[in-house]
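Remarks on the overall topology
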Amino acid sequence: MDTYKRTGLVFVRGSGVVLEAEDGRKYLDFASGIGVNSLGHGHPRLVAAIAEQAARLIHVSNYYQSREALELAQELCARTGMDAVFLCNSGAEANEGAIKIARKHGASHDASRTTVVTLRGSFHGRTIATLAATGQDKFHERFGPFPAGFEYVEAEDSAALDAALGSGTCALLLEPIQGESGVVPLSDEYQRLAARLCEERGILLIADEVQCGVGRTGSFLASSRAGVRPDVVTLAKGLAGGVPIGAVLARGEAARVLERGDHGSTFGGNPLAAAAARVVLSELGSAGFLDAVAGKGERFLEAVRSWKHNLVKEARGRGLMIGIAVTCPPDRVKELCLERGLLVLTAGSDVVRLLPPLVIPDGEIDRGLGLLKDALDAAGKEI
Ligand SMILES: *Cc1c(COP(=O)(O)O)cnc(C)c1O
């Protein structure tokens, strides 16, 4: 189906931060899919682990225990301080699982506790329930009716949040850094207020870290930077370095809500995806890895800010989740980057978004930034 606005490009191989197209042309990848290829392309350990696992065992159903999934779940809990994990296949599916936890948890306290509060500008997925959770009207057009029990509040408005989190609320679902709407970090104060209000009122705090989690911002979870411990966290995109995966992590009471028969997923916890994710976790856990991500992010932001480019309104973000707000159409900048051999993403209405592989070397950062600046200069000449 014609659901994607694609370029005609066909990539045939990749190595590190470089992708090669069918015609032999090479591109520097500042997009990583959409924040998926966390270890870049052709990462030797990742490739070897996938090949070894595929040769040994690709799939068994969840009627049996998968050693790889069990070890991945234990490693995820150890890394995040959470108590239990449900493995699935995508970000939307992870958020569906989190919403089910919230609904059942709420109902177990009071049958009227059914509302999931989310933020304006959020993005939580493309299924009907996660679209309902998504606080952007443009995603809702033509796909209704949606399931009831979702309410939206303006981000960073403390009074509105206080008013919205009522006796009928089962959960607050938020992205610590809103990705699709333009790389908009929530302030640490707002995240802490949200955590405090949720805790006081018996409401689950769910962090959608599908895009900002798994080291993307320079800490394993973006919410830990604000000193916040959500009850439930969802992960996906970069978790298995390109193999489809999603995860719902929960702690305390929330970790025990889903019982036998309550939830499931045919492919979830697949040994192949689990083996890939274990390599990603192992690499992220190596000495200095996450600090290096933070440092590389600073290198990006400092460089873009130093240009004082007349088309750049603001460069923001954390770690390697970067948004550059521009005064010209960001899609045009993306095209001009592509012509110069650089892949970037856009977000919101005015943002060029960069989600490079977490392993990007400084030399490639500088080379790509040179191409980006050249593309911005060219965009400037068109106005
Ligand atoms: C991409 C994304 C999703 C949806 O993930 P899929 O794997 O495409 O279903 C959900 N939440 C956030 C924050 C995302 O960035």
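Placed above this text is the structure.
Residues numbered from 1 in each chain as written. Predicted model: local features only at pLDDT ≥ 70, side-chain atom pairs only at ≥ 80, totals over all residues. Heavy atoms only, no water.

1. Structural notes on the overall build of the protein chain
Scanning the protein chain for helices and strands turns up eleven helices and 17 strands. The C-alpha atoms of the protein chain give 21 Å as radius of gyration, which agrees with the globular expectation for 383 residues (21 Å, within 12%). Seen through its principal axes, the protein chain has C-alpha atoms that stretch 60 × 55 × 45 Å. Evaluated residue by residue, the protein chain yields a buried proportion of 53% over its 383 residues. Considering only contacts in the protein chain between residues 6 or more positions apart, those separated by 24 or more positions represent 73%. For the protein chain, the centre of its 42 positive side-chain charges and the centre of its 47 negative side-chain charges are spaced 2 Å apart. (Helix = DSSP H or I, 4+ residues; strand = E, 2+ residues; numbered from the N terminus. Rg over C-alpha atoms; globule rule 2.2 N^0.38 Å. Buried < 20%, exposed > 50% of the residue type's maximum accessible area, 1.4 Å probe, protein only. Contact = heavy atoms within 4.5 Å. Lys, Arg positive; Asp, Glu negative; His and termini not counted. Charge placed at Lys NZ, Arg CZ, Asp CG, Glu CD.)

2. Some words on the environment of K313
In this fold, K313 is placed in strand β13 (residues 312-318). For the pair K313 and A133, spaced 180 residues apart in sequence, the C-alpha separation works out to 30 Å. Beyond its immediate chain neighbours, meaning those up to four positions away, K313 contacts A325, V326, T327 and D350. There is a polar contact of 2.7 Å between the side chain of K313 and the side chain of D350. (Polar contact = N/O pair within 3.5 Å; in protein donor to acceptor, adjacent residues only side chain to side chain.)

3. Concerning the sheet that holds β13
The four strands lie next to each other as β13-β14-β17-β16, forming an open sheet whose pairing is antiparallel. Two strands bound the open sheet, and with one partner strand each, they are β13 and β16 (345-347). Strand-to-strand twist in this sheet, taken as the mean axis angle between neighbours without regard to direction, amounts to 30°. Sheet topology places β16 next to strand β17 (residues 351-354); three bridges connect them, and they run antiparallel. When the bridges of β17 are listed, L345 appears paired with R353. Contacting β14 (321-326), β16 and β17, helix α10 (residues 330-339) crosses the sheet at an angle of about 175° to β16. (Pairing = 2+ DSSP bridges. Axes fitted to C-alpha atoms, helices over the stretch in contact; angles between N-to-C directions.)

4. Quick look at helix α7 (residues 188-201)
Taking 1.5 Å per residue, 14 residues should reach 20 Å; α7 reaches 20 Å between its end C-alpha atoms and fits that length. Within α7, the full set of buried residues consists of D188, Y190, Q191, L193, A194, A195, L197 and C198. Where α7 is buried, its residues meet β5 (115-119), β6 (150-153), α6 (158-164), β7 (169-174), β10 (204-208) and β13. After α7 finishes, the residue G202 shows a positive phi value of roughly 70°. (Expected span 1.5 Å × (residues − 1).)

5. Examining the packing of α10 against helix α11 (residues 362-382)
Two elements in contact, α10 and α11, have axes separated by 9 Å at closest approach and are oriented at 125°. The angle between the axes of α10 and α11 places the two elements in the oblique class. Crossing handedness for the pair α10 and α11: right-handed. Across the interface between the two elements, R332, V333, L336 and C337 of α10 pack against L372, A375, L376, A378, A379 and E382 of α11. (Parallel < 35°, antiparallel > 145°, perpendicular 65-115°, else oblique. Left-handed = near helix turned anticlockwise from the far one by under 90°.)

6. Here we look at the environment of E335
When you line up the elements, E335 lands in helix α10. In this structure, the C-alpha to C-alpha distance between E335 and A379, residues 44 residues apart in sequence, is 9.8 Å. A polar side-chain atom of E335 sits 2.6 Å from a polar atom in the side chain of R332.

7. A short note on the pattern of salt bridges
Taken as a whole and assessed by the stated rule, the structure comprises 26 salt bridges. A salt bridge links R45 to E283, with the shortest nitrogen-to-oxygen separation between them at 2.8 Å. Taken together, the positions of R45 in helix α2 (residues 44-56) and E283 in helix α8 (residues 271-284) put the pair 238 residues apart, joining distant regions of the chain. Look at E283 and you get buried, because its relative accessible area is 17%. A cluster of three or more residues bridged by salt bridges with shared partners is formed by K296, R299, D362 and D366. (Salt bridge = Lys/Arg side-chain N within 4 Å of Asp/Glu carboxyl O.)

8. Concerning α11
Two residues of an α-helix separated by three or four positions point the same way, owing to the 3.6 residues in each turn. Over its 21 residues, α11 runs 31 Å from end to end, which matches the ideal 30 Å to within 8%, given 1.5 Å per residue. For α11, the full list of buried residues reads E364, I365, G368, L369, L372, A375, L376, A378 and A379.

9. What to know about the site of the ligand
Near the ligand there are 13 residues, and of these G91, A92, D208, Q211 and K237 occur at the shortest range. Measuring from an oxygen atom of the ligand, one finds a side-chain N or O atom of Q211 at 2.7 Å. Contact with the protein chains covers 81% of the free accessible surface of the ligand, which is 380 Å². With three residues, helix α4 (residues 91-109) is the largest single contributor of residues to the shell around the ligand. Here the shell around the ligand is composed, by residue class, of three nonpolar, six polar and four charged. (Near = heavy atom within 4 Å. Areas by Shrake-Rupley, 256 points an atom, 1.4 Å probe, with all protein chains shown as cover. Nonpolar A, V, L, I, M, F, W, Y, C, P; charged D, E, K, R; others polar.)

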